[in-house]
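Here is how the chains run, residue by residue.
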Amino acid sequence: MLPLFHDFEGKTVVIVGGGRVALRKARTYTIEADVTVVADAFADGFDEVDCERRRRRLEPDEADELLASVEGDLFLVIPATDDRTLNDAIARAGREAGALVNRVDERGDTVTPARAESGTLTVAISTGGESPAVARHLRREIEPLLERTEPMGRLQADLREQLAEESDLSADQRRQALRRVIDDDGVWRALEDGRYEDARDRALEVAGIDPSE
Ligand SMILES: C[C@@]1(CC(=O)O)c2cc3[nH]c(cc4nc(cc5[nH]c(cc(n2)[C@H]1CCC(=O)O)[C@@](C)(CC(=O)O)[C@@H]5CCC(=O)O)C(CC(=O)O)=C4CCC(=O)O)c(CCC(=O)O)c3CC(=O)O
Ligand SMILES: NC(=O)C1=CN([C@@H]2O[C@H](COP(=O)(O)OP(=O)(O)OC[C@H]3O[C@@H](n4cnc5c(N)ncnc54)[C@H](O)[C@@H]3O)[C@@H](O)[C@H]2O)C=CC1
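An unreviewed UniProt entry lists the chain under the name precorrin-2 dehydrogenase, with Halalkaliarchaeum desulfuricum given as the organism. Quoted verbatim from the Pathway (unreviewed entry) field of UniProt, the annotation for the chain is "Porphyrin-containing compound metabolism; siroheme biosynthesis; sirohydrochlorin from precorrin-2: step 1/1."

In structure tokens:
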């Protein structure tokens, strides 16, 4: 499997099932997408999730009709009930409707990765479906590292802007300047101490940019 980051803004996600797993998927996808959840019972916690809830019992032969009734740009369908026959029917209907399908009861053609985030940095982790608990464990290990790295991301974004203005630098020189900054202990120390301005001054020096220009 290859990872691909996707913009879910304006996309519709349908989740069938209202248990613990459906709740976790709903929390994830409501960050960007319009989410509709269909189930005959909803776990505690759904009250805090900004999604459309449809309380109904669904039969396998009603899957096509359900998906056709959902408004918007249907992008992802997640069968998350504890009934495999129903999940199979929803998966098939989802594919026929041209959507991606994320099965939760086996490795399908897409998986929801464990996700660590800080600022604009995102790390997605998959074990190819082999061991989700390991994906969760690794996510927790990575979170503090991402938090430490996030200010460097911001600084590099700043520098890239400055370097773009230095028209006499070649693409190769820009790349080398950014790498020198990432490799510089002084810059990292200042960032870790929360001294962003000091880090920036040091970075400009290491990159060979005159701050007065
Ligand atoms: C294939 C996949 C499909 C999908 O759901 O997208 C899938 C499938 C299955 N998960 C199962 C079990 C568990 N899943 C978790 C947790 C997570 N599962 C997630 C993703 C995925 N799970 C996809 C693969 C991801 C990859 O490639 O690694 C995470 C990463 C993302 C998320 O769901 O949000 C989230 C961690 C989020 C975080 O913490 O960051 C825990 C841990 C816990 O709950 O504490 C357990 C119990 C321990 C265990 O069994 O390992 C079972 C057995 C069910 C049964 O026994 O009946 C199946 C079915 C099967 O394996 O056949
Ligand atoms: N991907 C993952 O991370 C994990 C996946 N699983 C798998 O996901 C499945 C669901 O797990 P849980 O949420 O813990 O189960 P659960 O039993 O808590 O929830 C099942 C939900 O499906 C709904 N449902 C069942 N039949 C229905 C029907 N005909 N019409 C409407 N709603 C219906 C129930 O009302 C309930 O809300 C498990 O059976 C297991 O195979 C389990 C653990 C983790």
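Visitor: So what about the site of ligand 2? Which residues, and what values?
Guide: Near ligand 2 you find 18 residues, and of these G18, R24, D40, A41 and L58 are the closest. Note that an oxygen atom of ligand 2 is positioned 3.0 Å from one of the backbone N or O atoms of V21. In the environment of ligand 2, an oxygen atom lies 2.5 Å from a nitrogen or oxygen atom belonging to the side chain of R24. Notes on ligand 2: free accessible area 870 Å², of which the protein chains cover 71%. The greatest single-element share of the shell around ligand 2, amounting to 3 residues, is contributed by helix α1 (residues 20-29). For the shell around ligand 2, the class distribution of residues is 7 nonpolar, 4 polar and 7 charged.

Visitor: Break down the sheet that holds strand β1 (residues 11-16) for me, citing the residues and quoting the values.
Guide: Strand order in this open sheet of 5 strands is β3-β2-β1-β4-β5, and the pairing throughout is parallel. Looking at strand neighbours, the two that pair on one side only are β3 (52-55) and β5 (100-101), the edges of this open sheet. In this structure, β1 lies alongside strand β2 (residues 34-39), joined through 5 bridges in parallel fashion. Residue V16 lies in a different strand from β2, and its bridge partner there is V38. Contacting β1, β4 (73-79) and β5, helix α3 (residues 84-96) runs over the sheet at an angle of about 160 degrees to β4.

Visitor: Account for the site of ligand 1, with residues named and values stated.
Guide: Close to ligand 1 lie 21 residues; K25, S126, T127, G129 and R139 are nearest. In this structure, D105 approaches ligand 1 through a main-chain N or O atom, which is 3.3 Å from an oxygen atom. Coverage of ligand 1 by the protein chains reaches 67% of its 1,100 Å² of free accessible surface. Those elements that place two or more of their residues in the shell around ligand 1 are α1 and α4 (132-165). When residues of the shell around ligand 1 are assigned to their parent elements, the largest contribution, 5 residues, is made by α4. Here the residues of the shell around ligand 1 are counted per class, giving 7 nonpolar, 6 polar and 8 charged.

Visitor: How would you sum up the environment of E147? Please name residues and give values.
Guide: If you trace the backbone, E147 turns up in helix α4. Sequence separation between E147 and A116 is 31 residues, and the spatial gap between their C-alpha atoms is 9.6 Å.

Visitor: Would you mind going over helix α6 (residues 185-192) in detail, with residue names and values included?
Guide: Burial in α6 covers these residues: V187, A190 and L191. One side of α6 holds all its buried residues, which, seen down the axis, span an arc of 100 degrees. In α6, the exposed residues that point more than 90 degrees away from the buried face are D185, R189 and E192. Structurally, α6 contributes buried residues whose contacts are with α4, α5 (171-182) and α7 (196-207).

Visitor: Describe the UniProt feature "domain: Siroheme synthase central" (unreviewed entry) in the chain, listing the residues and the values that go with them.
Guide: Sites flagged by UniProt as "domain: Siroheme synthase central" (unreviewed entry) map to residues 119-143. Regarding residues 119-143, the helix share stands at 48% and the strand share at 20%, and the terminal C-alpha atoms are separated by 12 Å.

Conventions and cut-offs
Residues numbered from 1 in each chain as written. Chains lettered and ligands numbered in written order. Predicted model: local features only at pLDDT ≥ 70, side-chain atom pairs only at ≥ 80, totals over all residues. Heavy atoms only, no water. UniProt positions renumbered as here; feature names shortened; annotations may be inferred. Near = heavy atom within 4 Å. Polar contact = N/O pair within 3.5 Å; in protein donor to acceptor, adjacent residues only side chain to side chain. Areas by Shrake-Rupley, 256 points an atom, 1.4 Å probe, with all protein chains shown as cover. Helix = DSSP H or I, 4+ residues; strand = E, 2+ residues; numbered from the N terminus. Nonpolar A, V, L, I, M, F, W, Y, C, P; charged D, E, K, R; others polar. Pairing = 2+ DSSP bridges. Contact = heavy atoms within 4.5 Å. Axes fitted to C-alpha atoms, helices over the stretch in contact; angles between N-to-C directions. Buried < 20%, exposed > 50% of the residue type's maximum accessible area, 1.4 Å probe, protein only. Arc of directions from axis to C-beta.

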